[in-house]
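Listed below are the residues making up each chain.
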Amino acid sequence: AAMGPPGGGRQDVSPRVLRHYHFLTYSELTEESITLIFDTIVKNFYHPFALPLQLRASELIPPTLSVFTWVRAELPPTPAKLHYTFNLRDIWKVF
């Protein structure tokens, strides 16, 4: 099971339930790391295309990350809008 911290429609989980689980945490990726990941993906994906298009594709990454960061901050999931969950897979849909 996956659990996040309370808030945004999530409730506190009872310690009696939590004792049956192991905790696995990770730190958020930095913007530089995300940029490097998507730059590598974009370069490989657009490799067969003409060079001007390859260069333009790499230029789309910073603005896309900016919009993604804004959306995650301004549109948190709530009980009424559970579909407001955004992750890195949503960034790739731009390309």
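To start, this report covers the structure provided alongside it. None of the values given here were measured: they were computed from a predicted structure. (Residues numbered from 1 in each chain as written. Predicted model: local features only at pLDDT ≥ 70, side-chain atom pairs only at ≥ 80, totals over all residues. Heavy atoms only, no water.)

**Some details on a nonpolar patch on the surface**
A contiguous nonpolar surface patch, about 290 Å² in accessible area, is contributed by Leu29, Ile37, Ile41 and Leu88. Looking at the secondary structure, you find Leu29 in the loop between helix H1 (15-18) and helix H2 (31-45). Accessibility expressed as a relative area gives 43% for Leu29, which makes it partly exposed. (Patch = residues over 30% accessible without salt bridge, like charges linked within 9 Å, V, L, I, M, F, W, Y side chains within 5 Å. Areas by Shrake-Rupley, 256 points an atom, 1.4 Å probe, with all protein chains shown as cover. Salt bridge = Lys/Arg side-chain N within 4 Å of Asp/Glu carboxyl O. Helix = DSSP H or I, 4+ residues; strand = E, 2+ residues; numbered from the N terminus. Buried < 20%, exposed > 50% of the residue type's maximum accessible area, 1.4 Å probe, protein only.)

**Some thoughts on the pattern of salt bridges**
Tallied over the entire structure, the rule returns three salt bridges. The partner of Lys43 in a salt bridge is Asp39, and the shortest N-O contact between them spans 3.2 Å. Here the residue Lys43 and the residue Asp39 both occupy positions in helix H2, the gap between them amounting to four residues, near one helical turn. As a salt-bridge pair, Glu59 and Arg56 come within 3.0 Å of each other at their nearest N and O atoms. Separated by three residues within a single helix, Glu59 and Arg56 lie in helix H3 (residues 51-59), roughly one turn from each other. Overall, the relative accessible area of 54% leaves Arg56 in the exposed class.

**With respect to the packing of aromatic side chains**
Across all of its chains, the model carries two aromatic pairs by this definition. Ring centres 5.2 Å apart and planes at 80° place the aromatic pair Phe45 and Tyr46 in the edge-to-face group. Under the relative-accessibility criterion, Tyr46 is labelled buried at 14%. Pairwise contacts between aromatic rings join Phe45, Tyr46 and Phe49 into one cluster. (Phe/Tyr/Trp six-rings, centres within 6.5 Å; stacked < 30°, edge-to-face > 60°.)

**Some thoughts on the nonpolar core**
Among the nonpolar cores identified, the biggest contains nine residues, and these are Ile34, Phe38, Val42, Tyr46, Ala57, Ile61, Leu65, Phe68 and Ile91. Those elements giving two or more residues to this core turn out to be H2 and helix H4 (61-74). (Core = buried A, V, L, I, M, F, W, Y, C linked by side-chain atoms within 4.5 Å.)

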